[in-house]
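As a plain string of letters, each chain reads:
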Amino acid sequence: MKRDIAMNPNAPDGDYTMLIDPGLRMAAPDVGATTIDFERLWRKGRPPAPPEDSLPLHPDIAEISIPGPGGAPPLPLLVMNAGARGAPRPIVLFLHGGGYIGGSVRREAPRMQEVARVHDCIVICLDYRLAPEAPFPAARDDSYAALAWIHANAEVLGGDAARIVVFGESAGAGLAAQLTLVARDRGEFPIRAQILVYPMIDDRAGSSRIPAPHIGSFIWTGASNRFGWKCYLGTEPGGDDISPEAAPARATDLAGLPPAWIGVGGLDLFVDESIAYAQRLIAAGVPTGLLVLPGAYHGFNRRAPDAPISRAFNAAWNEALTGYFAMGG
């Protein structure tokens, strides 16, 4: 299996597949092809969305658009399980992954419908603008506009504005972290909690900070990370002038942020930044849960959802979500 030599040219050769959890090995693709595929995805534009009839029917989905921030184009949303019935229900704002340059909100519909069904909550999936055509702060501002819309329309949706959880994966988790920071600073729209699944929050990973050679050798590599961050930032990552508003790992003040749950695999390029961010949140007095699963690479629970390690991981963030919905304000 190939390694991303560009990530760490001084790393010794080695077959790191033996470090992968046995249930995940068959799902691990060739690293070189993965990086090339991601660049190809950007060059060709966003992949076609699945046809409408591929979306499951229950819970109900409404496809709507809301005004974009500051004169930006309208923002498409998938609104799941809405409707005023019984007691107001908690709300999830979901932000998809894709390295800030790709991903599709419609592809997440089946999984997010399952979240809505299991937790009897409302799920709002945001189709935010992508880099490089729309670099920072476009996606962050789109996320804030969605949060503002949810607060303004919570009652109509049948939701509880006091129980909004921001949930993101990979770059979407990076956006979730950015959103909680700007929401805290502006003080307009409270967030109950944040669930950050293998968050992309530090532009320095794979550029000015080189991890151990086995970390980031699968799926999402140092080269992938540099490419995604360069598109998002509009400049080379890893320098001293990167805004902490774009890269939350650079933020110096984490006090007052909502409770957080962070989950990541031990082979993921984002493992170091995830652990460091969790430690700093804890030091700042933010209630924080951290789960690091050995032998797991980036996106493992998506590639091998039936593997025991993936089931355990998904059960953990679902348990955290249940707890955030139940806790007092």
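A. Broad picture of the overall build of the chain. On a plain count of helices and strands, the chain comes out with eight helices and eight strands. Expressed as a percentage of the 329 residues in the chain, the buried residues total 56%. Nonlocal contacts in the chain, meaning residues at least 24 apart in sequence, comprise 78% of its contacts between residues at least 6 apart. Of the roughly 13,300 Å² of accessible surface on the chain, 56% is carried by carbon and sulfur atoms.

B. View of the pairing of strand β8 (residues 288-293). Relative to β8, strand β7 (residues 260-265) runs parallel, the two being bridged by six bridges. Directly across from A260, in β8, lies its bridge partner T288. Each parallel crossover has a hand, and the one from β7 via helix α6 (residues 271-283) to β8 is right-handed.

C. Spatial organisation of helix α4 (residues 171-186). For α4, with 16 residues, the first-to-last C-alpha span of 22 Å sits near the 22 Å given by 1.5 Å per residue. Along α4, 13 of the 16 residues are buried, which leaves the element largely enclosed by surrounding structure. Following α4 by one or two positions, G187 has its phi on the positive side, about 65°.

D. Seen up close, helix α2 (residues 109-119). Turning to α2, its buried residues number three or more, namely A109, M112, Q113, V115, A116 and H119. When α2 is viewed along its axis, its buried side chains cluster within an angular range of 155° and face the same direction. Elements in contact with the buried residues of α2: β1 (61-66), β2 (75-80), β3 (89-95), β4 (122-126), β5 (159-169) and α8 (308-326). Positive phi appears at D120, one or two residues downstream of α2, with a value of about 45°.

E. Quick look at the packing of helix α3 (residues 138-157) against α4. The contact between α3 and α4 brings their axes to 9 Å, and the two run at 65°. As α3 runs across α4, the sense of the crossing is right-handed. On the side of α3, the interface is formed by A139, R140, S143, Y144 and L147, while α4 contributes L175, Q178, L179, V182, A183 and R186. Here the contact of α3 with α4 is composed, by residue class, of seven nonpolar, two polar and two charged.

F. Examining the pairing of β4 more closely. Extensive coverage of β4 is indicated by the burial of five of its five residues. With burial as the criterion, each face of β4 is covered, one bearing I122, I124 and L126 and the other bearing V123 and C125. Bridge count between β2 and β4: four bridges; the pairing is antiparallel. Directly across from V79, in β4, lies its bridge partner I124. Note that β3 and β4 share five bridges and pair parallel. Counted as the bridge partner of L95 is L126 from β4. For the handedness criterion, the β-α-β arrangement of β3, α2 and β4 is classed as right-handed.

G. Structural context of the pattern of salt bridges. Scanning the entire structure with this criterion turns up 16 salt bridges. With a shortest N-O distance of 2.9 Å, R140 and D141 are connected by a salt bridge. Between D160 and R163 there is a salt bridge whose closest N-O contact spans 2.9 Å. On the basis of relative accessibility, which here comes to 19%, the residue R163 falls in the buried class. Here the salt bridges share partners, and the residues they tie into one network are E108, R111, E169 and R302.

H. Looking closely at the confidence of the model for the chain. Considering every residue of the chain, the mean pLDDT works out to 89; 86% of them sit at 70 or more. Contacts for the low-pLDDT stretch residues 1-12, under 50 throughout, to residues beyond four places or in other chains number 36 contacts. This model gives residues 45-53 a pLDDT under 50, and the stretch forms 11 contacts once residues within four places in sequence are excluded.

I. Fine view of the side chain of R89. Turning to its location among the elements, R89 is positioned in strand β3. Although R89 lies buried, it forms no salt bridge, and the closest oppositely charged side chain, D120, sits 4.4 Å away as judged by the N-O distance. A polar side-chain atom of R89 sits 2.3 Å from the main-chain carbonyl oxygen of G83. If we ignore the near neighbours within four places in the chain, the residues touching R89 are N81, A82, G83, D120, C121, I122, L157, G158, G159, D160 and R163.

J. Molecular detail of unusual backbone geometry. A cis amide bond, omega 5°, links A131 with the succeeding residue P132. Cis geometry marks the peptide bond from F136 to P137, where omega comes out at 15°. With respect to the helices and strands, P137 occurs in the loop between β4 and α3. If you check the backbone angles, Y100 has positive phi at about 70° while not being a glycine.

Rules used throughout
- Residues numbered from 1 in each chain as written.
- Predicted model: local features only at pLDDT ≥ 70, side-chain atom pairs only at ≥ 80, totals over all residues.
- Heavy atoms only, no water.
- Helix = DSSP H or I, 4+ residues; strand = E, 2+ residues; numbered from the N terminus.
- Buried < 20%, exposed > 50% of the residue type's maximum accessible area, 1.4 Å probe, protein only.
- Contact = heavy atoms within 4.5 Å.
- Areas by Shrake-Rupley, 256 points an atom, 1.4 Å probe, with all protein chains shown as cover.
- Pairing = 2+ DSSP bridges.
- Right-handed = clockwise from strand over helix to strand, strands pointing away.
- Expected span 1.5 Å × (residues − 1).
- Arc of directions from axis to C-beta.
- Axes fitted to C-alpha atoms, helices over the stretch in contact; angles between N-to-C directions.
- Left-handed = near helix turned anticlockwise from the far one by under 90°.
- Nonpolar A, V, L, I, M, F, W, Y, C, P; charged D, E, K, R; others polar.
- Salt bridge = Lys/Arg side-chain N within 4 Å of Asp/Glu carboxyl O.
- pLDDT = per-residue confidence, 0-100.
- Lys, Arg positive; Asp, Glu negative; His and termini not counted.
- Polar contact = N/O pair within 3.5 Å; in protein donor to acceptor, adjacent residues only side chain to side chain.

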